[in-house]
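Residues per chain, in single letters:
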Amino acid sequence: MPALASHRKPRTRVRTSSPAVGLTTAALASVTLLSTQSATAAPAEPKPSIEEVQKKVDDLYRQAGTATQQYNKAKAASTQQRSKVDALLEAAAKRADKLNETRRELGNYAAAQYRSGAIAPTATFFLADDPQSYFDQDQLMARMTSQQQKAVADFRTQQSEAATKRVEATKSLQTLTESQTTLRTSKQQVQNKLAEARTLLSELTAEEKARLAELERKKEAEAKRKAEDLARRQAAAAKAEADKAAAEEASKGEADTGTGTGSDSSYASKADKVLAFARDQIGKPYVWGATGPSSYDCSGLTQAAWKAAGVDLPRTTWDQVEVGTRVATADLKPGDLVFFYDDISHVGIYKGDGMMIHAPKPGANVREESIYYMPIYGSVRPA
């Protein structure tokens, strides 16, 4: 009988090299993954050029200027609202005093009638849980003397007026709180924009700062060239106008050679005072939100200068641009206000010959500069 075949599976020999193969495979996978990540990773952002830095810094200063005007607007609104709140609170206090005075008068009536031996209707009114419903009883008023009726009527009126003033004061306080919140937000925005600009400038090397300064000189030179061109065109236009006026007067045989009108003379007189004040401020620092006398922002300077000529301008560039008469750049006269940027965030005082006096930006002083240093939005003649 043949031997039975064994049904036991043969032993499988374990290869000791498998773990090494597994580790090698894992390592290769890691290397492949790292290589893939390195290949797909975004390259480092290139350092901006000096021209890009200049544009960015200028834009940050402009944004800071816009935030400054928002701050000025919120501050003016807050100041105005504070005055309104104070007036309403004072009015409410006066109403309360009158109400208490009438209350005492009614109390005297009640006390007198109580001493006479009976609770008077006036006293009943005071003791009622709902005085208003008691007022609605016609028989009450009919039983009162005319003097008592007047006292009760006054009480009701003053009670209503006092309540109205309290409601107005509450709403006004809420508006004041909102204005103060906007004020804080605008202030933070200004500080953030200026900090960002300072950071950008601080990261420049000495060579880069020198190149930036050269770009600034070129920008100023171009702006000055345009100002000189405007000055020549304005001088030519003025001469032509004077020659025309002289010819007309000569043809009429009039001895009077004056060409100015009364309104022109009045404006020129005010403009002289405006420019005299503005010149005296040259060299004082720009400080956002400042209105003088030791420092100014752009609209603070224009407001103070025109105030010296007896004209009150609003606080912000956005409101100042709405005052007076719009004028074309070619028709500018000394004293006119020139506004800049699409968002009207800057303003200067035209002094003639294409130049202005303005408070430029943080880190700079009040100075004379070409009106073409920044993009012109438009101009107004305030008075």
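Heads up: the structure comes first, above all this text.
Computed from a prediction, not measured in an experiment: that's the story for all the values here.

**Brief notes about the packing of aromatic side chains**
When we look at a pair of aromatic rings, we describe it by the centre distance and by the angle of the planes. Applying the stated criterion across every chain yields a total of two aromatic pairs. Considering the side-chain rings of Y71 and W288, the 4.9 Å spacing of their centres and the 80° angle between planes classify their relative orientation as edge-to-face. Of this pair, Y71 sits in helix 2 (residues 50–115) while W288 sits in the loop between helix 8 (262–281) and helix 9 (298–307), and the two are 217 residues apart along the sequence. On the accessibility criterion, Y71 (13% relative accessible area) is buried. Judged by centre distance (5.8 Å) and plane angle (35°), the rings of Y267 and W306 are tilted. Of this pair, Y267 sits in helix 8 while W306 sits in helix 9, and the two are 39 residues apart along the sequence. Judged by relative accessible area, W306 falls into the buried class, the value being 0%. Seen from the ring of Y373, K219 lies directly overhead, with NZ or CZ sitting 4.4 Å from the centre. Positioned over the ring face of Y267 is R381, at 5.6 Å from the centre of the ring.

**Looking at helix 9**
Within helix 9, eight of the ten residues are buried, which leaves it mostly tucked inside the rest of the structure. Looking only at helix 9, the buried set comprises C298, S299, G300, L301, T302, A304, A305 and W306.

Cut-offs and rules
Residues numbered from 1 in each chain as written. Predicted model: local features only at pLDDT ≥ 70, side-chain atom pairs only at ≥ 80, totals over all residues. Heavy atoms only, no water. Phe/Tyr/Trp six-rings, centres within 6.5 Å; stacked < 30°, edge-to-face > 60°. Helix = DSSP H or I, 4+ residues; strand = E, 2+ residues; numbered from the N terminus. Buried < 20%, exposed > 50% of the residue type's maximum accessible area, 1.4 Å probe, protein only. Lys NZ or Arg CZ within 6 Å of the ring centre and 35° of its normal.

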